[in-house]
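Report on the structure
Listed here are the chains, written in short residue letters.
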Amino acid sequence: MELNINEIMKIIPHRYPFLLVDKITDYEPGVWAKGIKCVSANEMQFMGHFPEYPVMPGVLMIEAMAQTGAVAILSMEENKGKLAFFGGIKNARFRSQVFPGDVMKMEVKIIKQKGPIGIGEGTVTVNGKVAVNAELTFAVQ
């Protein structure tokens with residue numbers, strides 16, 4: 001089941017310039033979500049990271065992954081209208097650089113949830129190559 005940008009904004013609170021998911025390509029509420037982000041040279045972070053060598057900051061790749069996972073969590077009926085906050089990031093590994101013109105594919109699987117706290121395993125790929133993967137802990141409020 002796909003979600004366009006307007007449908008995504010009904011689920012998660014992020015807005016420009018911090019909304020880092022352009023489309024959800026498929027998801028199952030509370031279980032997993034897959035999304036994409038089209039990286040553009042017009043994004044503000046490239047003004048300073050780095051002007052002569054524009055590369056997507058690793059923390060923004062993690063954030064795009066987390067927003068994809070937030071769609072899975074916040075699309076659950078009992079979590080509609082709530083917020084998902086970072087509780088932790090474990091085992092983050094940056095494996096390849098991402099540049100303007102790339103399409104990041106994010107996938108997050110919710111592997112554990114107890115009450116408002118949960119854990120997701122996420123991966124960002126570009127052209128089939130892993131750019132980053134991490135375990136994300138979240139808290140729903």
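Preceding block: the structure.
Residues numbered from 1 in each chain as written. Predicted model: local features only at pLDDT ≥ 70, side-chain atom pairs only at ≥ 80, totals over all residues. Heavy atoms only, no water.

Here we take up the overall build of the protein chain. Of the regular secondary structure elements, the protein chain holds two helices and six strands. N-terminal to C-terminal, the α/β element order of the protein chain is α-β-β-α-β-β-β-β. In terms of C-alpha radius of gyration, the protein chain reaches 14 Å, essentially the compact-globule figure of 14 Å for 141 residues. Projected onto its principal axes, the C-alpha positions of the protein chain cover 45 × 30 × 25 Å. A total of 141 residues make up the protein chain; the buried ones form 45% of that total. Within the protein chain, residue pairs in contact and separated by at least 24 positions form 60% of the contacts whose partners lie at least 6 positions apart. Accessible area of the protein chain: about 7700 Å², with a carbon and sulfur share of 55%. (Helix = DSSP H or I, 4+ residues; strand = E, 2+ residues; numbered from the N terminus. Rg over C-alpha atoms; globule rule 2.2 N^0.38 Å. Buried < 20%, exposed > 50% of the residue type's maximum accessible area, 1.4 Å probe, protein only. Contact = heavy atoms within 4.5 Å. Areas by Shrake-Rupley, 256 points an atom, 1.4 Å probe, with all protein chains shown as cover.)

Turning next to the nonpolar core. Counting residues in hydrophobic clusters, the biggest one holds 38 residues, and the most contacted among them are Ile8, Ile12, Met56, Met65, Val98 and Met104. Elements with a contribution of two residues or more to this core: strand S1 (23-28), helix H2 (58-74), strand S4 (103-114), strand S5 (117-126) and strand S6 (129-140). The element best represented in this core is H2, accounting for 11 residues. Once residues within four sequence positions are removed from consideration, Ile8 is found in contact with Leu3, Leu19, Val21, Asp22, Lys23, Ile24 and Val71. (Core = buried A, V, L, I, M, F, W, Y, C linked by side-chain atoms within 4.5 Å.)

In this section: the packing of aromatic side chains. In the structure shown here, the tally under the stated rule is one aromatic pair. Ring centres of Tyr53 and Phe99 lie 5.6 Å apart, and the angle between their planes is 90°; on these two criteria the pair is classed as edge-to-face. Of this pair, Tyr53 sits in the loop between strand S2 (32-38) and H2 while Phe99 sits in the loop between strand S3 (84-94) and S4, and the two are 46 residues apart along the sequence. For Tyr53, a relative accessible area of 44% corresponds to the partly exposed category. Sitting over the face of the ring of Trp32, Lys34 holds its NZ or CZ atom 5.7 Å from the ring centroid. (Phe/Tyr/Trp six-rings, centres within 6.5 Å; stacked < 30°, edge-to-face > 60°. Lys NZ or Arg CZ within 6 Å of the ring centre and 35° of its normal.)

Below, the discussion takes up a nonpolar patch on the surface. Taken together, Tyr16, Met44 and Met47 make up a surface patch of nonpolar side chains, about 440 Å² in accessible area. Relative to the helices and strands, Met47 is located in the loop between S2 and H2. (Patch = residues over 30% accessible without salt bridge, like charges linked within 9 Å, V, L, I, M, F, W, Y side chains within 5 Å. Salt bridge = Lys/Arg side-chain N within 4 Å of Asp/Glu carboxyl O.)

Here the focus is the pattern of salt bridges. Per the counting criterion, the structure on display carries four salt bridges. Where Glu2 meets Lys23, a salt bridge forms, and the shortest distance between an N and an O atom there is 3.5 Å. Of this pair, Glu2 sits in the segment before helix H1 (5-9) while Lys23 is found in strand S1, placing the two residues 21 residues apart along the sequence. Two residues, Lys80 and Glu77, come together in a salt bridge whose shortest N-O distance is 3.3 Å. Using a relative accessible area of 59% as the deciding quantity, one classes Glu77 as exposed.

Along the polypeptide, Leu20 turns up in the loop between H1 and S1. Separated by 19 residues in the primary sequence, Leu20 and Val39 place their C-alpha atoms 9.1 Å from one another. Look past the residues within four positions of Leu20 in its chain and what remains in contact with it is Lys37, Leu60, Glu63, Ala64, Gln67 and Met106.

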